[in-house]
Structure formats: structure tokens, C-alpha cells
Amino acid sequence: MSTETHEMVGRYTEVRNTRAYYDSCGSGVPFICVHSAGTDGRLFRHTLPAMAAYGFQAIAVDLPGHGRSFPIEWEPIDDLHEYAEWVMEFARTLGLEKPVIAGCSIGANITIDIAAHHSADVSACIAFEGAAYTPTFVGAGTFMDPHTISWESISGTMAPTVIRPDATPEQRSEIAFLHTATSQRNYAGDLVGWENYDVRDRLDDVTVPLMIGLGSGDYFLPEALVTATVDAIPTAELVHFENLGHYPIWENPELVNEAIVRFLRDNHALPDEAAGS
């Protein structure tokens, strides 16, 4: 399907007495995208028009303290469950009923968290590069002090090393920029949340269809943590992406969008008209 005619529009709303920004594209069934640590909704710039073409109102929200969303009470968040509850509050604020939730990295963990706590309130969940337990960024709290290190040089250098090996120079520059657009304290808070995340005791509560995507080149996330998550959830499906890294939805959007649509169609979560196309 063509995606060129679906224009993205930026809007603000208020969640927990704080201005929250989101990009929206298309109309129909809500499809909410949650970005990775230290980035913002621009990570899903290829996803939104593609999902709009299938009859979704595709939305990429900036988490508090990221992009153009203000921090809650001007403090970083270091608990991914708190982010997940904020995303559900955002959905309620906009009157978005039974949305599809899709996330990448910490956004994937947030998506899994929503599946574990709110399965009855969503239509499907899609998590890229996440798991129920992710103790893989030890010591992230040391970066909460902006004076301890040149964070921009680290974050801008690290992100391009965990994407597809044949990425273009433009892609490497873009992913580096996206990881320097959030303040060090908010980014570090994200990583603390990732390091401490553990929802394994709630996986029995997941009843919604859940797709977990894993890039073969993602050294941030051991495959064993992902397979353990999938094995514990009867409604979960693991999808491998060869030669992709930590940001599949951005690295190869055409391939990944096809996987998303196939999963939603198989689980009767595509809008009615698109399901037969």
C-alpha cells in the first residue's frame, strides 16, 4: 500500500498536568508507538504512514522529558512501569479505545508491561528488542549526574554501533542525532528503568496477542532473555530479523512493517477493510 498520502500532524495534550506531544497520522483504529531510551517519537517516522495506510490512527508519543514532552514535575522517570501507566493514561486522555501498542527498546519493555497489566484494554502488543527482564545496562545510575561524563559523545557514538552493518552514513548520523536530543538525566533514567526492569511474575496475566521482534545484531539484549519471555507467554510470538540491530522499525521499515501487518492480520487485529487486502 502507498504511504505517501498520509500526512503526519503534531499535537499537544495534557497528561498528569504536563504537556505531552505526539505525532498522529491517519484515522481509524488507534496504533500507539513508544520510542527507545533517550529518543522520541521520530524513531517511528516510517511506521506511522505505513500503519495509516492500513486503516490505523497511528500515533508516536514523546515520553515525559523526551522530544517536545515536558518532564513530570521536572524530574526524570527511572521506572518503566510508571512510563507504561503514563502511556495508558495518555490513551485514555485522547479517548483511544483498545489500541494496538508498539514499542522499541525501553518502549518494547513498556509494551510488555502494558500487556502484563492491561491486556483487556488493548487489541495487540508489538515489542521490538525488549523482554520481561533486562538487567543488561549495569550502573546506569552513575550517569544521572550530568557532570560525570560527556554523555552526548557516548550516546551519539554508541547507537550507530548496534544497527544493521550495511547502514548508510545518513542512517548512522540520524540515529546518533536522535540519541543526543534528550537530556542526560532523562536518558539515564530510561537506562536505570531498563536495568531494573522485571515483570516476570506478571507474565501469566498476558492474554493479548504479543509479537516480540529481535534483531540478530542487537548486542544490547541477549536472545536468551527474549526467548525466556516468549516461552512464558502462550499468546506470544518471536520474530527474528536477520542483520538488523536494536531499532528494526527504523533500520528496515519495509520489512518490519510487513511483519507487523502479517502478525495483526493473523490475530484479527487489522481494521476490517485492510484485513482482506
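Just above sits the structure.
Residues numbered from 1 in each chain as written. Predicted model: local features only at pLDDT ≥ 70, side-chain atom pairs only at ≥ 80, totals over all residues. Heavy atoms only, no water.

(A) Spatial organisation of the side chain of His118. Here His118 is to be found in helix H3 (residues 106–118). At 2.8 Å, the side chain of His118 forms a polar contact with the side chain of Glu85. (Helix = DSSP H or I, 4+ residues; strand = E, 2+ residues; numbered from the N terminus. Polar contact = N/O pair within 3.5 Å; in protein donor to acceptor, adjacent residues only side chain to side chain.)

(B) Structural context of the sheet that holds strand S5 (residues 100–104). Taken in spatial order, the eight strands line up as S1-S2-S4-S3-S5-S6-S7-S8 in an open sheet, and their pairing is mixed. Each having just a single partner strand, strand S1 (8–15) and strand S8 (236–241) make up the two edges of the open sheet. When the angles between neighbouring strand axes are averaged without regard to direction, this sheet yields 20°. As defined by bridge partners, S1 adjoins strand S2 (residues 18–25) across eight bridges and the pair is classed as antiparallel. Pairing of Glu14 across the sheet is with Arg19, part of S2. Across the face of the sheet, helix H2 (residues 80–93) comes into contact with S1, S2, strand S3 (29–34) and strand S4 (56–61) while running at roughly 105° to S1. (Pairing = 2+ DSSP bridges. Axes fitted to C-alpha atoms, helices over the stretch in contact; angles between N-to-C directions. Contact = heavy atoms within 4.5 Å.)

(C) Focus on helix H7 (residues 223–231). Turning to H7, its buried residues number three or more, namely Leu225, Val226, Thr229 and Val230. Seen from one end, H7 has its buried residues packed into an arc of 130°, which puts them on one side. Exposed residues pointing more than 90 degrees away from the buried face of H7 are listed as Ala224 and Asp231. Contact partners of the buried residues in H7: strand S7 (210–215) and S8. (Buried < 20%, exposed > 50% of the residue type's maximum accessible area, 1.4 Å probe, protein only. Arc of directions from axis to C-beta.)

(D) Focus on the side chain of Thr182. Considering the arrangement of structural elements, one finds Thr182 in the loop between helix H5 (169–178) and helix H6 (184–195). Thr182 gets classed as buried once you look at its relative accessible area, which sits at 6%. A distance of 2.9 Å separates a polar atom in the side chain of Thr182 from the backbone oxygen of Gly38. Ignoring anything within four residues of it in the chain, the contact list for Thr182 reads Gly38, Thr39, Gly65, His66, Gly67 and Tyr187.

(E) Summary view of the environment of Gly217. For Gly217, the position within the fold is in the loop between S7 and H7. When its relative accessible area of 37% is taken as the criterion, Gly217 is described as partly exposed. For the pair Gly217 and Glu242, spaced 25 residues apart in sequence, the C-alpha separation works out to 7.5 Å. If sequence neighbours within four positions are ignored, Gly217 has contacts with Val162, Leu244 and Gly245.

(F) Here's a closer look at the nonpolar core. In this structure, Phe31, Ile110, Ile126, Tyr247 and Leu264 are the most contacted members of the largest nonpolar core, which totals 97 residues. Take this core: its biggest share by element is eight residues, from H2. What Ile110 contacts, discounting residues up to four positions off in sequence, is Val34, Leu63, Leu80, Tyr83, Ala84 and Val87. (Core = buried A, V, L, I, M, F, W, Y, C linked by side-chain atoms within 4.5 Å.)

(G) Representation of H6 within the structure. A rise of 1.5 Å per residue sets the reference length of H6, with its 12 residues, at 16 Å; its end C-alpha atoms lie 16 Å apart and thus fit the reference within 8%. Most of H6 is tucked away, with 11 of its 12 residues classed as buried. Looking at H6, one finds that the buried residues are Gln184, Asn186, Tyr187, Ala188, Gly189, Asp190, Leu191, Val192, Gly193, Trp194 and Glu195. (Expected span 1.5 Å × (residues − 1).)

(H) Structural view of the pattern of salt bridges. Taken as a whole and assessed by the stated rule, the structure comprises 10 salt bridges. Across the pair Glu75 and Arg185 runs a salt bridge, and its minimum N-O distance is 3.3 Å. With Glu75 in the loop between S4 and H2 and Arg185 in helix H6, this residue pair connects regions lying 110 residues apart in the sequence. A relative accessible area of 32% places Arg185 in the partly exposed class. The salt bridge partner of Asp198 is Arg200, with a shortest N-O separation of 2.8 Å. Look at Arg200 and you get partly exposed, because its relative accessible area is 47%. (Salt bridge = Lys/Arg side-chain N within 4 Å of Asp/Glu carboxyl O.)

(I) Representation of the environment of Gly55. Secondary-structure assignment places Gly55 in the loop between helix H1 (47–52) and S4. A C-alpha to C-alpha distance of 9.1 Å links Gly55 and Pro30, two positions 25 residues apart in sequence. Other than its neighbours up to four places away in sequence, Gly55 contacts Ser27, Gly28, Val29 and Pro271.

(J) Fine view of unusual backbone geometry. You will see that Ser105, though not glycine, has its phi angle at about 65°, which is positive. Here Ser105 is to be found in the loop between S5 and H3. For Ser105, a relative accessible area of 5% puts it in the buried group. Look at His268: it is not a glycine, yet its phi comes out positive at around 55°. Tracing the backbone through its elements, the reader meets His268 in the loop between helix H9 (253–266) and helix H10 (272–275).

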